[in-house]
Amino acid sequence: MRLSLSAACFPAYDVNPGTGAPPGAARLIDAKIMTLTVSCGGSCPSQILLPILLPIVDRT
């Protein structure tokens, strides 16, 4: 399992301008520099919740 953090994956997805505007609604010239932070422990721990999928059993 690998976790990959990215603020943009252009052209697969619209650029996140970091302005609060919806993706695709802002001009690229208005984009802000963003910092992604993953906390570990302390008062602000980050977490990823993954669902557990049970196999479907076909009993026909």
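Anything mentioned here points back to the structure above.
The structure displayed is predicted, hence computed values, not measured ones.

> Explain the overall build of the protein chain here, please?
Per the secondary structure count, the protein chain includes zero helices and zero strands. A globule of 60 residues ought to have a C-alpha radius of gyration of about 10 Å, yet the protein chain, at 18 Å, is considerably larger. Across the 60 residues of the protein chain, 2% fall into the buried class. Counting only carbon and sulfur atoms, one obtains 60% of the accessible surface of the protein chain, whose full area is about 6000 Å².

> What exactly am I supposed to notice about a nonpolar patch on the surface here?
Nonpolar side chains collect at one region of the surface, where Met1, Leu3, Leu5, Leu36, Val38, Ile48 and Leu50 lie side by side and expose about 820 Å² of accessible area between them. Among the residues examined, Leu3 registers a relative accessible area of 54% and is labelled exposed.

> Looking at this structure, how should I read the environment of Pro17?
Residue Pro17 is classed as buried on the basis of its relative accessible area of 4%. Taking the C-alpha atoms as reference points, Pro17 and Ile33, separated by 16 residues in sequence, lie 8.3 Å from one another. What Pro17 contacts, discounting residues up to four positions off in sequence, is Ala26, Ala31, Lys32 and Met34.

Conventions we followed
- Residues numbered from 1 in each chain as written.
- Predicted model: local features only at pLDDT ≥ 70, side-chain atom pairs only at ≥ 80, totals over all residues.
- Heavy atoms only, no water.
- Helix = DSSP H or I, 4+ residues; strand = E, 2+ residues; numbered from the N terminus.
- Rg over C-alpha atoms; globule rule 2.2 N^0.38 Å.
- Buried < 20%, exposed > 50% of the residue type's maximum accessible area, 1.4 Å probe, protein only.
- Areas by Shrake-Rupley, 256 points an atom, 1.4 Å probe, with all protein chains shown as cover.
- Patch = residues over 30% accessible without salt bridge, like charges linked within 9 Å, V, L, I, M, F, W, Y side chains within 5 Å.
- Salt bridge = Lys/Arg side-chain N within 4 Å of Asp/Glu carboxyl O.
- Contact = heavy atoms within 4.5 Å.

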